[in-house]
Amino acid sequence: MPGILPYPWQTDTSIGDWYYNRDWKYRPVSWVIHLLVDIVSKNGNLLLNVVQRPDGSLDPEVEQQLADLARWFETHGEAIYGTRPWAVFGEGPTRVRGGGFKEDFAFGPSDIRFTTKGDVLYAMALGWPTNGVMAIRSLARAAGEVRTVELLGAEKPPAWKQTETALEITVPVVPLNPWTCAVRIRGAGLKPA
């Protein structure tokens, strides 16, 4: 979907072909994670087909992908499970088009998606900022008061500042994971700038 739907929706896709095909190349785990985050930010659910061999076993690549997904969910699951969309699904240069079989997008660190749970706003960059700064334009000073920012997976809160143009969060130069950069934000009266 290109935007937030007012009612929950579901889509499905496969990490490979829809049946076991030894000539098929599996999708990278980054593709699965980015697609999932984009869908959840728009009030959606993702049903993922995990390709099995005819005897029910898994190829080593599939086992590795499931292990990588499990590792990602250990840190980022709170920004996915039980969340709701924010006032906007996200920001960034990549525009998603709706429709069947349109799921290949070149997401990057400037593409940020939002979810909420209780008084927490989550912002997830679909890649790690190479310049060491996660800039969220939707949370510029006009968006309301940001009070705390925590980097998921980090031991200490990052340095941050809310400017007229963006919420600027200093992140480690060495990525905590290769797929996303996610923060937990609390504030007062937050609405997109």
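Residues numbered from 1 in each chain as written. Predicted model: local features only at pLDDT ≥ 70, side-chain atom pairs only at ≥ 80, totals over all residues. Heavy atoms only, no water.

Chemist: How do you make sense of the nonpolar core when you look at a structure like this?
Modeler: A general feature of soluble globular proteins is that nonpolar side chains tend to end up buried together. Counting 29 residues, the largest nonpolar core has I33, L36, V37, W72, I80 and M124 as the members making the most contacts within it. When residues of this core are traced back to their parent elements, those giving at least two are α1 (29-40), α2 (60-76) and β5 (120-125). Per element, the largest residue contribution to this core is 9 residues, and it comes from α1. If we skip the residues at most four places from it in the chain, I80 touches L36, V37, V40, W72, F73 and M124. One finds V146, V171, C181 and V183 within the second-largest nonpolar core, a separate group that totals 21 residues. (Core = buried A, V, L, I, M, F, W, Y, C linked by side-chain atoms within 4.5 Å. Buried < 20%, exposed > 50% of the residue type's maximum accessible area, 1.4 Å probe, protein only. Helix = DSSP H or I, 4+ residues; strand = E, 2+ residues; numbered from the N terminus. Contact = heavy atoms within 4.5 Å.)

Chemist: Would you mind going over the side chain of D17 with me for this structure?
Modeler: Here D17 shows up in the loop between β1 (9-14) and α1. It is R27 that comes nearest to the buried, bridge-free D17 among opposite-charge side chains, at 9.9 Å. Those residues in contact with D17, other than ones at most four positions away along the chain, are W24, N49 and V51. (Lys, Arg positive; Asp, Glu negative; His and termini not counted. Salt bridge = Lys/Arg side-chain N within 4 Å of Asp/Glu carboxyl O.)

Chemist: Explain the pattern of salt bridges to me, please; I cannot follow it from the model alone.
Modeler: Note on pairing: side chains with opposite charge can pair once their charged atoms come close. Following the criterion strictly, the structure yields 11 salt bridges and no others. Here R184 and E78 are joined by a salt bridge, their closest N and O atoms 2.8 Å apart. Taken together, the positions of R184 in strand β10 (residues 181-188) and E78 in the loop between α2 and β3 (90-91) put the pair 106 residues apart, joining distant regions of the chain. A residue is classified by how much of its surface remains accessible, and R184, at 17% relative accessible area, is buried. Where R186 meets E150, a salt bridge forms, and the shortest distance between an N and an O atom there is 3.6 Å. Here the residue R186 occupies a position in strand β10, and E150 occupies one in strand β7 (residues 145-151), the gap between them amounting to 36 residues. Accessibility expressed as a relative area gives 32% for R186, which makes it partly exposed. It is possible to trace a salt-bridge network through shared partners that takes in E78, D119, E150, R184 and R186.

Chemist: Could you clarify how one ought to interpret the packing of α1 against α2 in this entry?
Modeler: In a packed pair of helices, the relevant descriptors are the angle between the two axes and the axis-to-axis distance. Packing of α1 against α2 brings their axes to within 10 Å, and their N-to-C directions diverge by 45°. Of the possible angle classes, the one that applies to α1 and α2 is oblique. Crossing geometry of α1 relative to α2 is assigned as right-handed. Of the residues in α2, those touching α1 at V29, V32, I33, L36 and V37 are Q65, D68, L69, W72 and F73. Looking at the contact of α1 with α2 residue by residue, the classes come out as 8 nonpolar, 1 polar and 1 charged. (Axes fitted to C-alpha atoms, helices over the stretch in contact; angles between N-to-C directions. Parallel < 35°, antiparallel > 145°, perpendicular 65-115°, else oblique. Left-handed = near helix turned anticlockwise from the far one by under 90°. Nonpolar A, V, L, I, M, F, W, Y, C, P; charged D, E, K, R; others polar.)

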